[in-house]
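Now for the letters of each chain:
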Amino acid sequence: DSDYIPALVGLADVRLEEYLQGWNRSGRSLQDIEGYCRVIIRIDSSEPSVYAILGKVYDLRGKRAEGIQYLEHALTLDPYNFIALSFLGQLYVIELGEPTKGLILLEKLHRIEPADWLIISLLGVAHAQTKDYAGGIDKFRRAAVLNPGHPFPLFNIGYAFEHLSQPDSAEQYYRRTLEVDPTFSSAVSSLAGLFIAQRRLEDADTLLEQGQRRITGDLELYYLHGIVELKRDNRDEARRLFQAGKDLIRKGLRDQPMSADLIVYDGLYSARLGEKIDPAAIANEVIRIDSIHEESLLGIVRLFAVTREKTPLLKWFARIKEMNSAEYNEGWLKNAVDFEYFRNDPDLLMLLKK
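One structure accompanies this document, and this report is about it.

Overview of the overall build of the protein
Turning to step 1, where the next piece is worked out: Looking only at helices and strands, one finds 20 helices and zero strands in the protein.
Turning to step 2, where the next piece is worked out: In terms of overall size, the protein behaves like a compact globule, its C-alpha atoms giving a radius of gyration of 21 Å where 354 residues would be expected to give roughly 20 Å.
Turning to step 3, where the next piece is worked out: For the protein, the spread of C-alpha atoms along the three principal axes comes to 65 × 45 × 40 Å.
Turning to step 4, where the next piece is worked out: Among the 354 residues that make up the protein, the fraction classed as buried is 53%.
Turning to step 5, where the next piece is worked out: When contacts within the protein are restricted to residue pairs at least 6 apart in sequence, those whose partners lie at least 24 apart make up 54%.
Turning to step 6, where the next piece is worked out: Carbon and sulfur atoms make up 49% of the accessible area of the protein, which totals about 16600 Å².
Turning to step 7, where the next piece is worked out: Within the protein, the 53 negative side-chain charges are centred at a point lying 4 Å from the centre of the 44 positive side-chain charges.

Right under this line is the structure:
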């Protein structure tokens, strides 16, 4: 039955999950998902889940206002639609810098599924984003009990402790994360950042070597490993690592020329290799492609940090601070690898405290 709506919704949903997880990001993925949604709307325009999925697709394309309209329409049709509550709740918490709104939606989701470890984890993120790190850690610990085999709650406990300027506790939970999943790249890069900030370069080198053996092609790990070798005065090895990462970027840009992440990494690697770059031109290109996602804007700030251009760094940092005030504090700055030159800058510290 080619008009069977539950199957069409399921297909659109699972294809979207493939995209979100990075398993399939071919050029046609989002187009195909939207195609399924349009078929569903033609058959039954009152199906709420299809508008929730469309909302996420539009957000991924950089059309955030339209995406939010679709998500809100889904909740108008069904105030307890699981997909819409999940996507919109995460959007408010992680992307829009409005964690209080996200908390309301996620609490509603939690009442629908009180034992869902992922929802409890997202509630933890919402608490952390309102600077209630203790409440966040409590939620993450509950999630870890419900799903001890998943690295996400453990990683978030470590991340919260890092923001509380408790590096020993952060290290403990990053290590526990990697015991559960040695390929969890965010834990490798976060723990490496702690080691680099503490000048534990041998520990960082060992960790990153192991990480790169298990996780192939991760640009952040190549980048951090190159920095470690620079600090160890192994300049030839650092250049080899930066060049290897740069080769991966060039290959990636051939397939995805409009990838803001790859364009930022290209600038970062070029700067570390001593090549002449124009950070302002790179920033303009990134914004032209993606002006709404925090990671893209943070990449721009990292570029200006590496090239030590304070005025544009502060300008762009103020912008992401408005998007997500709790994410960037003094605990974060202590371990942010590219910001070593600005760790004690009074103007940046003042921005962090806002």
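Some words on a nonpolar patch on the surface
Turning to step 1, where the next piece is worked out: Together, Y80, F82 and I112 line one region of the surface with nonpolar side chains, adding up to about 270 Å² of accessible area.
Turning to step 2, where the next piece is worked out: Looking at the secondary structure, you find Y80 in the loop between α4 (64–77) and α5 (82–95).

Quick look at the side chain of D345
Turning to step 1, where the next piece is worked out: In this structure, D345 sits in the loop between α19 (330–335) and α20 (346–353).
Turning to step 2, where the next piece is worked out: A polar atom in the side chain of D345 sits 3.0 Å from the backbone nitrogen of L348.

Focus on the side chain of S189
Turning to step 1, where the next piece is worked out: With respect to the element layout, S189 can be found in helix α11 (residues 185–197).
Turning to step 2, where the next piece is worked out: A relative accessible area of 18% places S189 in the buried class.
Turning to step 3, where the next piece is worked out: If we ignore the near neighbours within four places in the chain, the residues touching S189 are E220, L221 and L224.

Some details on helix α3 (residues 48–60)
Along an α-helix, residues three or four positions apart point the same way, because every turn accommodates 3.6 residues.
Turning to step 1, where the next piece is worked out: Between the first and last C-alpha of α3 there are 19 Å, a value that for 13 residues agrees with the 18 Å anticipated at 1.5 Å per step.
Turning to step 2, where the next piece is worked out: Most of α3 is tucked away, with 12 of its 13 residues classed as buried.
Turning to step 3, where the next piece is worked out: The complete set of buried residues in α3 reads P48, S49, V50, Y51, A52, I53, L54, G55, K56, V57, Y58 and D59.
Turning to step 4, where the next piece is worked out: On its buried face, α3 is in contact with α1 (5–21), α2 (29–43), α4 and α5.
Turning to step 5, where the next piece is worked out: One side-chain oxygen of the residue at the start of α3 lies 3.1 Å from the amide nitrogen of S49, identifying that residue as E47.
Turning to step 6, where the next piece is worked out: Of the residues flanking the end of α3, it is G62, one or two places downstream, whose phi is positive at about 90°.

Here's the deal with α2
Turning to step 1, where the next piece is worked out: The terminal C-alpha atoms of α2, which comprises 15 residues, lie 22 Å apart, in line with the 21 Å expected from a rise of 1.5 Å per residue.
Turning to step 2, where the next piece is worked out: Of all the positions in α2, only S29, L30, I33, E34, C37, I40 and I41 are classed as buried. The buried residues of α2 all sit within an arc of 125° when viewed along its axis, so they share a single face.
Turning to step 3, where the next piece is worked out: Residues of α2 that are buried in the fold lie against α1 and α3.

A few points about unusual backbone geometry
Turning to step 1, where the next piece is worked out: A positive phi angle is found at S165, which is not glycine, with a value near 60°.
Turning to step 2, where the next piece is worked out: By secondary structure assignment, the location of S165 is in the loop between α9 (151–163) and α10 (167–180).
Turning to step 3, where the next piece is worked out: With a phi angle near 65°, D233 is a residue other than glycine that sits in the positive phi range.
Turning to step 4, where the next piece is worked out: Mapped onto the elements, D233 comes out in the loop between α13 (219–231) and α14 (235–255).

So, the packing of aromatic side chains
Turning to step 1, where the next piece is worked out: Tallied over the entire structure, the rule returns 15 aromatic pairs.
Turning to step 2, where the next piece is worked out: Relative to Y70, the ring of Y58 lies with its centre 5.1 Å away and its plane at 45°, an arrangement referred to as tilted. Of the two residues, Y58 sits in helix α3 while Y70 sits in helix α4, which places them 12 residues apart along the sequence.
Turning to step 3, where the next piece is worked out: Connected via pairs of aromatic rings, a cluster forms that spans F155, Y159, Y174 and F184.
Turning to step 4, where the next piece is worked out: Between the NZ or CZ atom of R61 and the centre of the ring of Y58, over which it lies, the distance is 6.0 Å.
Turning to step 5, where the next piece is worked out: Above the plane of the ring of Y80 lies K108, whose end atom (NZ or CZ) is 5.0 Å from the centre.

Here we look at the pattern of salt bridges
Turning to step 1, where the next piece is worked out: The tally for this structure, following the rule as stated, stands at 24 salt bridges.
Turning to step 2, where the next piece is worked out: Note that D233 is salt-bridged to R235, the shortest N-O span being 3.5 Å.
Turning to step 3, where the next piece is worked out: R235 sits in the exposed class, given a relative accessible area of 53%.
Turning to step 4, where the next piece is worked out: The residue R272 makes a salt bridge to D338 at a minimum N-O spacing of 2.8 Å. Here R272, found in helix α15 (residues 260–272), pairs with D338, found in the loop between α19 and α20; they are 66 residues apart in sequence, far enough to count as distant.
Turning to step 5, where the next piece is worked out: Residue classification places D338 among the buried residues on the basis of a relative accessible area of 6%.
Turning to step 6, where the next piece is worked out: Here the residues in one salt-bridge network are R15, E18, R28 and D32, joined through shared partners.

Parameters and conventions
Residues numbered from 1 in each chain as written. Predicted model: local features only at pLDDT ≥ 70, side-chain atom pairs only at ≥ 80, totals over all residues. Heavy atoms only, no water. Helix = DSSP H or I, 4+ residues; strand = E, 2+ residues; numbered from the N terminus. Rg over C-alpha atoms; globule rule 2.2 N^0.38 Å. Buried < 20%, exposed > 50% of the residue type's maximum accessible area, 1.4 Å probe, protein only. Contact = heavy atoms within 4.5 Å. Areas by Shrake-Rupley, 256 points an atom, 1.4 Å probe, with all protein chains shown as cover. Lys, Arg positive; Asp, Glu negative; His and termini not counted. Charge placed at Lys NZ, Arg CZ, Asp CG, Glu CD. Patch = residues over 30% accessible without salt bridge, like charges linked within 9 Å, V, L, I, M, F, W, Y side chains within 5 Å. Salt bridge = Lys/Arg side-chain N within 4 Å of Asp/Glu carboxyl O. Polar contact = N/O pair within 3.5 Å; in protein donor to acceptor, adjacent residues only side chain to side chain. Expected span 1.5 Å × (residues − 1). Arc of directions from axis to C-beta. Phe/Tyr/Trp six-rings, centres within 6.5 Å; stacked < 30°, edge-to-face > 60°. Lys NZ or Arg CZ within 6 Å of the ring centre and 35° of its normal.

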